[in-house]
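# An overview of the molecular structure
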Amino acid sequence: MAAVQVAGCFLGGPPREVRQEVSPRFGSGLRCLSSRLCSLRLDDSSSARTELHLVFDQLISDNYEGGGVDPEDVTTLLVKACQLVPFNQNHLVSKVCQLIHHLLNRLQVIVDEQNLDFLLAYTVAAIQQCSSWTHLKVLQALAALVYCNGSKCHKYLGDLLGKNGLLMKLSDVTYSDPEVRRAAVHCMANLCLSMPGQPCMDEYYQNICFQAFLTTLQSPKSPEMDDITFCMLLQNALKGIQSLLNGGKMKLTQTDELGALLAVLKKSMFHGLPGLNIEMPTVLYPTPLPQYDGRPPVKPQPEPSISRPTLNKKKKSKVKTKKSQQTEEEDNDDDERETTPSTVSDRVSLNEGNTQRFSSSGVQSLLADESDVVGKDQVALPFSSSSWKWVSSSESDYSDAEGGMQSKIRSFQARVRQAALACFLSTIKSIEKKVLYGYWSAFIPDTPELGSPQSVSLMTLTLKDPSPKTRACALQALSAILEGSKQFLSVAEDTSDHRRAFTPFSVTIASSIRELHRCLLLALVAESSSQTLTQIIKCLANLVSNSPYDRLKLSLLTKVWNQIKPYILHKDVNVRVSSLTLLGAIVSTHAPLPEVQLLLQQPCSSGLSSNNSAIPHISPPDWWKKSSSGSFLEETSLESPRDSSEPCWLIRLCISTIVLPKEDSCSGSDTGCALGSTYKPSPMRLEALQVLAHLARGYFSMVQLYLMELGEVIYRCMGEIDLSMQLHGTKLLEELGAGIIQQYKSDSVIATDQRVPVSLVVMFWTLMLNGPLPKALQNAEYPNLQASACDALAAILPEAFDNLPNDKQILCLTMLLGLNDSKNRLVKTATSRALGVYVLFPCLRQDVLFIADTANAILMSLQDKSVNVRAKAAWSLGNLTDTLIINMGAPDPSFHDEFSDLLLLKMLSSAIEASKDKDKVKSNAVRALGNLLHFLQPSHIEKPRFAEIIERSIQALISTVLTEAAMKVRWNACYAVGNVFKNPALPLGTAPWTSQAYSALTSVVTSCKNFKVRIRSAAALSIPSKREHYGSVDQYAQIWNALVTALQKSEDTTDFLEFKYSASLRTQICQALIHLLNLASTSDLFCIQKTLELNGDMVKSYILRFLKSGTEGDDTGVPHNLEGRDQKIKTALEHINSVQALTGDTAKGTILDFLEDVMTVYFDSS
């Protein structure tokens, strides 16, 4: 340990010079006392000590509530005080340490590094030299000094945390004084604490502290330690671990280390919880199966009938509150009243405190009984008089004094549970999800087997803990586990009854999901605290968002749906907002679900109170329309249903929430309600808009009935001052536009008469373009709004755009082309995407001027510094080149004649440069290159200035095919090379780049790990339509042999996910081989014969499978003609038969025999 030197009255080197005059900003009382202290000199006389005692007492007794204190003056005073107190004066040392603790805590002062060095040296020396009875006060001072200063204490970390460090000795489980041990752990926790952005303590000492905290949490309570001190000790250790995890450098990489932490956290989560006494293993190990938690079986105690709670009576709270002087860690928790709602909830039965434990079978039976209530559609309203109870302290066996102490102990035990849950939340955030889910069964409930006890979990706390704050903490931790769990939960499956000797993992996870639903709905009905109620609903929303309902039995969502309806009317605005969030999660998860479709069609009164006030109708229906919108709004509003039988009550609810004024003045809980606002709180209106957007995305067939009415809602929202309302309004507009476009896609299954009529779509967009949408597009002050408006403008149905008035079409195009010059990357990204959509509109495809203007705008965006802008610009360039290919088939050749050669060269050059960019840019750049090379006309290719750019373009494609880029990039590159092969004007077969292109494709088709890329390369190899396009005999043989090798290796993969594409790969290779046979010349027959002699049986078996089967598992984007496959073989047979064979050459006969044998076997089998 570094020696602490005491020279005169200075320790660890002199501090900065102590100012004799204090700042005028110093508080008046403190200023006077500080002046008295500064006037004193080091003196060992009795009078001097008495004076010091008096000054210290006065400094400690003041609360300093006036403020205006300079932190530098405080540290100056503390340094002066320490200089006046030698270590042989134990009482003065204790008092000066008390002063340090009092001033730093009361005034929230962080000591500067120079004075910190001096004060730390003093406190460390005081622990070493003073009597042991002073250690508690010295440690309290030390804890205040090191608070958020761990990185600045490196000189003294060895003295404090080394092998024989002071804190390590004083915090050891064998140390006799429990208060000193607790204070030492508190010091260590403060050392580990760091503010965001500040450096942390050295990793070596972090690990020492972590092990010390872990040991503290694992150790049982010693006999000499009282309950409150033990609770504070545990709380400090938990806060220390939480600080280490929040600092970011503490990584729990070892399984034993993480398992040990999770074990003590789970044990601490239930510390002091009435009715539970669990024993945990030292380490939790990851396992997908429920782990035995060692709960000792407790026989149920029969309760006197007089104290058994019923559903018909309620008892008023008699819990007494008592103020007492507490230590620095005993802050007031007003929300710790132990309310216990009781719709047969377990919490009701906890009124006897520690005098009685509930057996696991009792817990199970209570929960099982409650499940019958939850399973019914009509659930007891959470606001009814019989739905909650208070714990009655008068039912205990304690006197008033004993009851007050027990209440205090329960409060401290609740804080331990809250600290454990907060630490667990930090642990969840600091480890990977895949690691966390290994411990799923330790914290998430599972449906118990018949006769088995209910395992303790986070839901046990949610249902049983008497503290609403603890219940909220447990729900926060559960939400953090559920967040992002969609992939893990996607394995769940219970659509069929399980009748196996073992339980599959998928059934276990499904059972866990069902139990989570059941317990959370129990908690929902039982809860009385609005804050905790909000957490329950948010947790349900997280569960709904991540659960695979398409793989689960029906009714789970129905129960949630029916039980959340009453909370739409809750008095607390946060509960109402979270209820809308949950409804939004239901309508967005795996949409569209048949179960949700039926729920949306339910009558609005289903599950609500009898007066049906939850779904207010607009009455009179059109009162809120703006007069400025004129007769047009009145006319179009007739399209929306307003009769008594609403098609969808949820849509009506959302519209009412957005447009109807609030019914009364804002209550205290309506935090989102602006002063003077006539509408409901902003969070509710925003959430309602989000729910409408979810409905438009997943259940558009219902939303379309309200199209014009929703258009009026959007019109109002975008005209408001609130930016958030405008943004959500444009998002809803985008979703409605996307839903309409989806109906008109070529692969849509929606009947024509069930689609939104084009005339109505034109009216809808005319309303938008006459309203605030153009203003939003021009609002440069809010680029987020501009970008969102661009996205909305890109959602116009092409058929509707063609029917818009000419001035509206020009407005859209002018706006987008103008915004492409924006300096904001969000606006530029959205504009580039919108232009890429518009170039595909049939009514704009032939407009050479628009295509040219759009091309120049896109090329400019391709030079942007933002990779997102470049990615969208490359995508739009790919779309624009798709339009060029479509125009090649137009009967009018004027487009080709008018399209600028110079612009074509610029597009080729920009696409080449973009093909060297990041993968997200490169994938569309190569697509554009392939289209451009396909588009080139003989008139272009003949020009010398195109020769070099063509060569560079093809080389760029070849290098991209061979590069180890993302598979999407390589797939697009193979597709692009295939497009090049489609241009008959290019010298395919004679140009030097021909062999390079074929070599690249044959390399990919035989060796690429991704089967989709192999399929696309095989498809490209089968595109050339003439034998001369394949080049020399050797080139043809290389292609043929590569395809045979690829066929042979079509099932060789280490990635199981690729197997589903193996059938498609074989199909494409067989098509390519047959295509080559149809083009074979006399010189090619020998290489074909050689291959058939070596691998004829293998090739024949795959070709027969090709003739007999379809293309299962094919989503590769390669079209396969399933009809006429045998005709292709016949054509190949006829072609080979027509080839003039050389004298004495047996190749032709071998090939003919092979083909005839294939046809014979095929026809015999069919």
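Just so it is clear, the structure is predicted and the values come from calculations on it, not from any experiment.

Let us look at the overall build of the chain. Scanning the chain from terminus to terminus reveals 52 helices and four strands. Burial statistics for the chain: of 1166 residues in total, 56% are counted as buried. A sequence separation of at least 24 residues applies to 76% of the contacts in the chain between residues at least 6 apart. About 49,900 Å² of surface is accessible on the chain, with carbon and sulfur atoms providing 52% of the total.

Next up on the list: helix α44 (residues 944-962). Compared with the 27 Å implied by 1.5 Å per residue over 19 residues, the 28 Å span of α44 between its first and last C-alpha is a close match. Listed in full, the buried residues belonging to α44 are Phe946, Ile949, Ile950, Ser953, Ile954, Ala956, Leu957, Ile958, Thr960 and Val961. Elements in contact with the buried residues of α44: α41 (901-914), α42 (919-935), α43 (938-941), α45 (967-981) and α46 (993-1007).

On to the pattern of salt bridges, then. Here the structure, examined in full by the defined rule, presents 25 salt bridges. Glu527 is the salt-bridge partner of Arg471, the closest N and O atoms lying 2.7 Å from each other. Taken together, the positions of Arg471 in helix α18 (residues 468-482) and Glu527 in the loop between α20 (505-526) and α21 (530-546) put the pair 56 residues apart, joining distant regions of the chain. Connected through salt bridges with shared partners, the residues Arg697, Lys731, Glu734 and Glu735 form a single ionic network.

Packing of helix α22 (residues 556-564) against helix α23 (residues 573-588) brings their axes to within 11 Å, and their N-to-C directions diverge by 155°. If you check the angle between α22 and α23, you find them roughly antiparallel. Between α22 and α23 lies a crossing of left-handed hand. Contacts from Leu557, Val560, Trp561 and Ile564 in α22 reach Ser579, Leu582, Leu583, Ile586 and Val587 in α23. Residue composition of the contact of α22 with α23, by class: eight nonpolar, one polar and no charged.

Another aspect to go through is the environment of Phe87. Within the secondary structure layout, Phe87 lies in the loop between α3 (71-83) and α4 (90-107). Sequence separation of Phe87 and Tyr122 is 35 residues, and the distance between their C-alpha atoms is 9.0 Å.

All right, on to the nonpolar core then. Ranked by size, the top nonpolar core spans 363 residues in total, and within it Leu650 and Tyr838 carry the most contacts. Leave out the neighbours within four places in its chain, and Tyr838 touches Leu793, Ala794, Ile796, Phe801, Cys812, Leu813, Leu816, Leu844 and Phe850.

Turning to the packing of aromatic side chains, a few remarks are in order. With the rule as written, the count across this model stands at 19 aromatic pairs. Ring geometry for Phe764 versus Trp765: centroids 5.7 Å apart, planes at 85°, classification edge-to-face. Between Phe981 and Tyr998 the ring centres are 5.2 Å apart and the planes differ by 40°, which places this aromatic pair in the tilted class. Pair noted here: Phe981 is in helix α45 and Tyr998 is in helix α46, with a separation of 17 residues, a long-range link. Each member of the pair Phe981 and Tyr998 is classed as buried. Aromatic rings pair up to connect Tyr437, Trp440, Phe488 and Phe505 into one cluster. Sitting over the face of the ring of Trp875, Lys872 holds its NZ or CZ atom 6.0 Å from the ring centroid.

On to the packing of helix α39 (residues 867-888) against α42. Contact geometry of α39 with α42 gives a least axis separation of 8 Å together with a crossing angle of 20°. Comparing their axes, α42 and α39 come out roughly parallel. Crossing of α39 against α42: the hand is left-handed. Of the residues contributing to the contact of α39 with α42, the split by class is 13 nonpolar, seven polar and four charged.

As for its placement among the helices and strands, Cys187 is situated in helix α9 (residues 178-192). Here Cys187 falls in the buried class, since its relative accessible area comes to 0%. Distance from Cys187 to Ala143, taken between C-alpha atoms, is 4.3 Å for residues 44 residues apart in sequence. Setting aside its immediate chain neighbours within four residues, Cys187 contacts Leu139, Leu142, Ala143, Val146 and Leu167.

Further remarks concern the environment of Ser724. Note that Ser724 resides in helix α30 (residues 723-743). Its relative accessible area of 30% is what places Ser724 among the partly exposed residues. A C-alpha to C-alpha distance of 8.8 Å links Ser724 and Ser682, two positions 42 residues apart in sequence.

A grouping of Phe1056, Leu1057 and Phe1059 is seen on the molecular surface, where their side chains present a nonpolar patch of about 360 Å² in accessible area. In this fold, Phe1056 is placed in the loop between α48 (1033-1048) and α49 (1062-1079).

Averaged over every residue, the pLDDT of the chain is 81; residues scoring 70 or more account for 79%. Considering only residues more than four positions removed or in separate chains, one finds that residues 288-346, a stretch of pLDDT under 50, has 134 contacts. Per-residue pLDDT stays below 50 along residues 1111-1118; that stretch engages in 24 contacts with residues further than four places along the chain or on separate chains.

This next bit is on unusual backbone geometry. With omega at -5°, the peptide bond leading from Ala591 into Pro592 counts as cis. Along the chain, the position of Pro592 falls in the loop between α23 and α24 (594-600). Positive phi is not limited to glycine here, since Gln108 has a value of about 55°. Within the secondary structure, Gln108 sits in the loop between α4 and α5 (113-129). Classification of Gln108 by relative accessible area gives exposed; the value is 64%. The phi dihedral of Ser555 is positive, around 100°, even though this residue is not glycine.

In this section: the side chain of Arg970. Secondary-structure assignment places Arg970 in helix α45. Buried charge without a salt bridge: Arg970, with Glu964 as the nearest opposite-charge side chain at an N-O distance of 4.1 Å. Arg970 has contacts with Thr960, Val961, Leu962, Thr963, Glu964, Ala965, Val1004, Cys1008 and Val1013, leaving out every residue within four places of it along the chain.

Rules used throughout
- Residues numbered from 1 in each chain as written.
- Predicted model: local features only at pLDDT ≥ 70, side-chain atom pairs only at ≥ 80, totals over all residues.
- Heavy atoms only, no water.
- Helix = DSSP H or I, 4+ residues; strand = E, 2+ residues; numbered from the N terminus.
- Buried < 20%, exposed > 50% of the residue type's maximum accessible area, 1.4 Å probe, protein only.
- Contact = heavy atoms within 4.5 Å.
- Areas by Shrake-Rupley, 256 points an atom, 1.4 Å probe, with all protein chains shown as cover.
- Expected span 1.5 Å × (residues − 1).
- Salt bridge = Lys/Arg side-chain N within 4 Å of Asp/Glu carboxyl O.
- Axes fitted to C-alpha atoms, helices over the stretch in contact; angles between N-to-C directions.
- Parallel < 35°, antiparallel > 145°, perpendicular 65-115°, else oblique.
- Left-handed = near helix turned anticlockwise from the far one by under 90°.
- Nonpolar A, V, L, I, M, F, W, Y, C, P; charged D, E, K, R; others polar.
- Core = buried A, V, L, I, M, F, W, Y, C linked by side-chain atoms within 4.5 Å.
- Phe/Tyr/Trp six-rings, centres within 6.5 Å; stacked < 30°, edge-to-face > 60°.
- Lys NZ or Arg CZ within 6 Å of the ring centre and 35° of its normal.
- Patch = residues over 30% accessible without salt bridge, like charges linked within 9 Å, V, L, I, M, F, W, Y side chains within 5 Å.
- pLDDT = per-residue confidence, 0-100.
- Lys, Arg positive; Asp, Glu negative; His and termini not counted.

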